[in-house]
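As a plain string of letters, each chain reads:
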Amino acid sequence: MTAFSTVPAESGLYDPRFEHDACGVAFVATLTGVPSHDIVDKALTALRNLDHRGASGAEVDTGDGAGILVQIPDEFFRAVVEFELPGRGEYVVGTAFLPADSQEAQGAVATIEAIAEQEGMTLLGWRDVPTTDGLVGATAASVEPNFRQLFLTAESTDGAAIVGLELERLAYCVRKRAERETGVYFPSLSSRTLVYKGMLTTGQLEPFFPDLSDQRFTSALGLVHSRFSTNTFPSWPLAHPFRYIAHNGEINTVKGNRNWMTAREAMLASELIPGDLDRLFPICTPAGSDSASFDEVLELLYLGGRSLPHSVLMMIPEAWENHVSMDPARRAFYEYHSTLMEPWDGPASVSFTDGDLIGAVLDRNGLRPGRFWITDDGLVVLGSEAGVLELDPATVVRKGRLQPGRMFLVDTVNGRVVEDDEIKAELAAEHPYQEWLDEGLLHLEDIPDREHIVHTHTSVLRRQQAFGYSEEELRILLSPMARTGLEPLGSMGTDTPIAALSSRPRLLFDYFAQLFAQVTNPPLDAIREEIVTSLSTTIGRELNLLDAGPGHCAQIVLSFPVIDNDELAKILHIDADGDTPYSAAKVSMLYRVEDGAAGLERRLEEICGEIDDLVDRGVEFIVLSDRDSDADLAPIPSLLATGAAHHHLVRTKRRTKVSLTVEAGDVREVHHVALLIGYGAAAVNPYLAMETVEDMVRHHNIEGVDSATAVRNLVKALGKGVLKVMSKMGISTVASYRGAQVF
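Residues numbered from 1 in each chain as written. Predicted model: local features only at pLDDT ≥ 70, side-chain atom pairs only at ≥ 80, totals over all residues. Heavy atoms only, no water.

**Remarks on the overall build of the protein chain**
Keep this limit in mind: Under the scheme used here, helices are H or I runs from DSSP no shorter than 4 residues and strands are E runs no shorter than 2 residues, and both carry numbers assigned from the N terminus. Think of it in three bands: with a 1.4 Å probe and only protein chains considered, a residue is buried below 20% of the maximum accessible area for its type, exposed above 50%, and partly exposed in between. In this description, contact between two residues means that some pair of their heavy atoms is separated by no more than 4.5 Å. Only the protein chains shown count as cover for residues, and the accessible areas themselves come from Shrake-Rupley with a 1.4 Å probe. Asp and Glu are treated as the negative residues and Lys and Arg as the positive ones, with His and the ends of the chain left uncounted. Charged side chains are reduced to one point each, which is NZ for Lys, CZ for Arg, CG for Asp and CD for Glu.
Helix and strand counts for the protein chain stand at 21 helices and 24 strands. In terms of principal-axis extent, the alpha carbons of the protein chain reach across some 90 × 55 × 55 Å. Across the 743 residues of the protein chain, 59% fall into the buried class. Sequence separation of at least 24 residues holds for 77% of the intrachain contacts in the protein chain that already meet a minimum separation of 6. Put simply, the protein chain shows about 28800 Å² of open surface, and 51% of that area lies on carbon and sulfur atoms. Charge centroids of the protein chain, computed over 63 positive and 108 negative side chains, lie 4 Å from each other.

Here it is, written out as structure tokens:
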């Protein structure tokens, strides 16, 4: 994607991985299902009316991006191509963004044709896409691709034409390989849909691509998008729509979502997508935007066998965790899928289509606008705001707004709007999800208790000194949390130097500061909007994302990301009685002091090797622990060890086979817990902080509570503090926050 982009390389404090955008989106469709140029024309009008939601830089004729997705205009192509086309739906077509250099383009074309043949498809021909020279600004023109449309078809062994999703899957394999092996970008390659887009303003799209003005260019739906690159750089490939979606918003957890998807690749298997899936990896293109990555995962889920609404609701589930009045079957549907993958969290209005269905969904908080209208002649219009298309109010038979977590869906084949309740009831009835959950899920509180160990004051004091606890931390941080169950309040600001400039030793945690929601990305009010937030998560092995069965939810449910010493003991000894199929092991985060920095680095490598051995033995729960330090064995900073283990498992694609729990003595603040979760820990046990408050209660340094209550209050305060930190970044669930690395 970088070949057709103005995004600069990483330099100094600039990192292209933090690129985001905010935009305007709309679609127009007809319930008659009859393709017409009028629908295309209305969609382009809606796009031009969203011009204020797009943007351009200093050059007014270089836009941040604009595009349209339509059904395949079969009649148009039969009139303009110089080769014979098979029947409607029996061929795929897509526009290739080829290199401007003719020699490079020729080489790419030859490679793509060879890939198509290897994947069992037949080349019908290429078509040069007409464009208007001199229309775009100098910046857009400097990275403008060469546009050519590729036409392919395929036959089964008996000579019958391959159609439908089977043809889509063949085209998917060709496109993925072509992009990986040649660097050529395809906005789409499909038998159903076609995308025209680029680094254009909304007013430039139609004149730049004259195809869009041809009266023979028809469709029963049109999805349009106007891109506003908030503090980012525009790009030809990163304009919307993508293959299935157009997105207004930001995926705040995208770094974690991508990492988890990379890790899941090792477990992926499909009887529907042909061939070895390894040739299609990575699923998420490294240079893609958050929206592009979302589209790529949605495409995989859809082509892997799930319906498009099903796939969307897996990635953007409604807030089910605290919704007590939700239908139990629907709740079971969401709870089951929460064990398969984490939500893609952030403010989002996503419009989606496969060429037959077209719809839209909002994130669980409803932090992006969306309004729709339906007229008496079957016209359906949805947009980011009112006024995207001028309609006679007398003809409007229904209008409304998108609601948080609810889906608006139009079926152009059957000519009807499918209601949200119907969609979800049908999906919830697809499998016995509640039976699978009852069979597979194990709640931590239902596991037998283990012996509680009380440590002496001398032991606690020695370890406080080893981990650098101060009197101030005991008095100002731990004591209030143990008494009240709330994070202590203090004045804003600090007169201490930042960690990087401090002359005193500082914890590794102090070198990190969380990003915060900004520009078009609002934070949450975690207190007043408690119904949409969740601190509950599951831990355990994940199975093949493209399959579904009772084994997928064989996991343990944690109601809180912070666990006490007794709960950690439950996990560590989960297989002690021999009545569960699970196994757990502890890995030490200690290194020999005399070996110095080289020894610490060597020990990190050893930790990764030990984890690999445990995963190979089938261990699902690994506890990284820094207990038992002494004069010879020092603790590695828990954040360093956790991050090393997490990323090692992601790189080796084993991350979803195991859960990491951290037993750490250096954790005593909300920020510490948030960092560990953000870098991959499923749960955190700040054992020394808990033993400290127990000791303070016994020595009457904390009054008004007993030891057990003090520990419960500390757990509650740290957990609620994590929720507050998450909400500042606009993230609703700890499952999404885990591994998101928003620091």
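Continuing now.
**Focus on the packing of helix H9 (residues 308–315) against helix H11 (residues 420–428)**
Condition: Convention adopted: a line fitted to C-alpha atoms gives each axis, helices being fitted over their contacting stretch, and angles between N-to-C directions are expressed from 0 to 180 degrees. We call two directions roughly parallel when the angle between them is under 35 degrees, roughly antiparallel when it is over 145, roughly perpendicular when it lies between 65 and 115, and oblique otherwise. Any residue outside Ala, Val, Leu, Ile, Met, Phe, Trp, Tyr, Cys, Pro, Asp, Glu, Lys and Arg is labelled polar, Gly included; the first ten of those are nonpolar and the last four are charged.
Running from N to C, H9 and H11 point in directions that differ by 90 degrees, and their axes come no closer than 11 Å. Compared by their axis directions, H9 and H11 come out roughly perpendicular. Contact residues: Pro309, His310 and Leu313 in H9; Ile423, Lys424 and Leu427 in H11. Of the residues assigned to the contact of H9 with H11, the class counts are 4 nonpolar, 1 polar and 1 charged.

**Examining the pattern of salt bridges**
Once their charged atoms are close, side chains differing in charge can pair, the charge on each being opposite to the other. Threshold: By definition here, a salt bridge exists when the distance from a side-chain nitrogen of Lys or Arg to a carboxyl oxygen of Asp or Glu is within 4 Å.
For the structure on display, the rule yields 44 salt bridges. In this structure, the salt-bridge partner of aspartate 38 is lysine 42, at a minimum N-O distance of 2.7 Å. Note that aspartate 38 and lysine 42 are positioned in helix H1 (residues 37–49) at a spacing of 4 residues, about one turn of the helix. Its relative accessible area of 40% is what places aspartate 38 among the partly exposed residues.

**A few points about unusual backbone geometry**
Here histidine 240 and proline 241 are connected by a cis peptide whose omega angle stands at -5 degrees. Looking at the secondary structure, you find proline 241 in the loop between strand S7 (221–228) and strand S8 (245–249). For the bond from phenylalanine 281 to proline 282, the omega torsion is 0 degrees, close enough to zero to count as cis. Of note in the backbone geometry, aspartate 628 takes a positive phi value of approximately 70 degrees without being a glycine. In this fold, aspartate 628 is placed in the loop between strand S21 (621–625) and strand S22 (633–635). The backbone of histidine 700 shows a phi angle near 60 degrees, a positive value even though the residue is not glycine.

**Details of the nonpolar core**
The line we're drawing: To form a nonpolar core, buried Ala, Val, Leu, Ile, Met, Phe, Trp, Tyr and Cys residues must be joined to one another through side-chain atoms within 4.5 Å.
Counting residues in each nonpolar core, the largest one holds 102 residues, and the members touching the most others are Ile68 and Phe77. Among the elements that make up this core, the one with the highest residue count is helix H8 (residues 290–303) (8 residues). Leaving out residues up to four positions away in the same chain, isoleucine 68 has contacts with Val40, Ala43, Leu44, Leu194, Val195, Tyr196, Leu205, Leu212, Leu223, Val224 and Pro241. Core analysis: the next-biggest nonpolar cluster, separate from the first, contains 71 residues, Val562, Ile677, Met690 and Ala740 among them.

**A look at the sheet that holds strand S3 (residues 91–98)**
For the record, the criterion: A pair of strands is treated as paired once DSSP finds two or more bridges between them.
Pairing is antiparallel in the open sheet, where 3 strands are placed in the order S3-S5-S4. In the strand order of this sheet, the two ends are held by S3 and strand S4 (122–128), each with one partner. Taken over all neighbouring pairs, the strand axes of this sheet differ in orientation by 25 degrees on average, direction set aside. Inspection of the sheet shows S4 paired to strand S5 (residues 146–153) by 6 bridges, in the antiparallel sense. Residue pairing for S5: arginine 127 is matched across the bridge by glutamine 149.

**A few points about the side chain of serine 384**
To keep things clear, this is the line we draw: Definition of a polar contact: a pair of N or O atoms within 3.5 Å, with one able to donate and the other able to accept a hydrogen when the atoms are protein atoms, and with sequence-neighbouring residues admitted only if both atoms are side-chain atoms.
Position of serine 384 relative to the elements: it lies in the loop between strand S12 (379–383) and strand S13 (396–401). We classify serine 384 as buried; its relative accessible area is 2%. From its side chain, serine 384 meets the backbone nitrogen of valine 25 in a polar contact 2.8 Å long.

**Some words on the pairing of S12**
Strand residues, when the strand is regular, have side chains that alternate between the two faces of the sheet. In terms of burial, S12 is a largely internal element, 5 of the 5 residues being buried. The side-chain alternation of S12 yields two buried faces, one formed by Leu379, Val381 and Gly383 and the other by Val380 and Leu382. Looking at chain direction, strand S11 (residues 371–375) and S12 are connected through 4 bridges and run antiparallel. Bridged to tryptophan 373 within S12 is valine 381. The loop that links S11 with its antiparallel partner S12 comprises 3 residues; one of these, glycine 378, has a positive phi angle of about 90 degrees.

**Let's talk about the pairing of strand S23 (residues 659–663)**
Taking burial as the measure, the 5 residues of S23 include 5 buried ones, the bulk of the element. Here S23 shows a buried face lined by Ser659, Thr661 and Glu663 and a second buried face lined by Leu660 and Val662. With 5 bridges connecting them, S21 and S23 associate as parallel partners. Residue serine 625 lies in a different strand from S23, and its bridge partner there is glutamate 663.

**Side note on the packing of aromatic side chains**
The test is simple: Pairing of aromatic rings covers Phe, Tyr and Trp, the last counted by its six-membered ring, and requires centre-to-centre distances within 6.5 Å; plane angles under 30 degrees mean stacked, over 60 mean edge-to-face, and any other angle means tilted. By definition here, charges over rings are those cases where NZ of Lys or CZ of Arg is within 6 Å of the ring centre and within 35 degrees of the ring normal.
Counting across every chain of the model gives 27 aromatic pairs. Relative to phenylalanine 151, the ring of tyrosine 91 has its centre 6.2 Å away and its plane inclined at 35 degrees; by these criteria the two rings are tilted. In this pair, tyrosine 91 sits in strand S3 while phenylalanine 151 sits in strand S5, placing the two residues 60 residues apart along the sequence. One exposure class covers both tyrosine 91 and phenylalanine 151, and it is buried. In this structure, arginine 668 is placed above the aromatic ring of tyrosine 469, and the distance from its NZ or CZ to the ring centre is 4.2 Å.

**Points about the environment of glycine 198**
Tracing the backbone shows glycine 198 in strand S6 (residues 193–198). Looking at glycine 198, the relative accessible area reads 0%, which means it is buried. A C-alpha to C-alpha distance of 51 Å links glycine 198 and alanine 584, two positions 386 residues apart in sequence. The contact partners of glycine 198, leaving out residues within four places of it in the chain, are Gly65, Ala66, Trp236 and Ala239.

**Some thoughts on empty space enclosed by the protein**
Under the convention used in this document: We place a 1 Å grid over just the protein atoms. Points where a 1.4 Å probe fits but has no way out form a cavity, open points with protein on both sides within 12 Å along at least 5 of 7 lines form a pocket, and any residue with an atom within 4 Å of a point lines it. Grid points are joined across faces, edges and corners, and a volume is the space filled by probe spheres set on the points.
Scanning all chains against the criterion turns up 3 cavities of 30 Å³ or more. What the largest cavity holds in volume is close to 130 Å³. Along the walls of the largest cavity sit 14 residues, with Glu168, Leu189, Ser190, Thr193 and Tyr244 positioned nearest its centre. Only helix H5 (164–182) and H8 provide two or more residues apiece to the lining of the largest cavity. Taken together, the residues that form the lining of the largest cavity break down as 5 nonpolar, 3 polar and 6 charged. Estimates place the volume of the second largest cavity at around 60 Å³. Lining the second largest cavity are Met315, Ile316, Pro317, Pro343, Trp344, Asp345, Gly346, Asp363 and Arg364. Residues of the lining of the second largest cavity, tallied by class, amount to 5 nonpolar, 1 polar and 3 charged.

**Quick word on the packing of helix H10 (residues 328–338) against H11**
How two helices pack is summed up by the angle between their axes together with the distance between the axes. The condition that has to hold: Less than a right angle of anticlockwise turn of the near helix away from the far helix marks a crossing as left-handed, whereas a clockwise turn marks it as right-handed.
Viewed as axis vectors pointing N to C, H10 and H11 meet at an angle of 65 degrees, and their least axial separation amounts to 9 Å. With respect to H11, the axis of H10 lies roughly perpendicular. Along this stretch, H10 crosses H11, giving a crossing that reads as left-handed. On H11, the residues that touch Ala329, Arg330, Phe333 and Tyr334 of H10 are Asp420, Asp421, Lys424, Leu427 and Ala428. Partitioned by chemical class, the residues of the contact of H10 with H11 number 5 nonpolar, no polar and 4 charged.

**A closer look at the sheet that holds strand S18 (residues 556–558)**
On the basis of which strands lie adjacent, the open sheet formed by 3 strands has the order S16-S18-S17 and mixed pairing. Edge strands, defined here as strands with exactly one partner in the open sheet, are strand S16 (442–443) and strand S17 (537–539).

**Examining helix H12 (residues 433–440)**
To keep it simple, the criterion reads: Think of it as the arc spanned by the lines of direction from the helix axis to the C-beta atoms.
By the burial criterion, the buried members of H12 are Tyr433, Trp436, Leu437 and Gly440. The buried residues of H12 all sit within an arc of 100 degrees when viewed along its axis, so they share a single face. In H12, the exposed residues that point more than 90 degrees away from the buried face are Glu435, Asp438 and Glu439. Buried residues along H12 sit in contact with H9, H10, H11 and S16.

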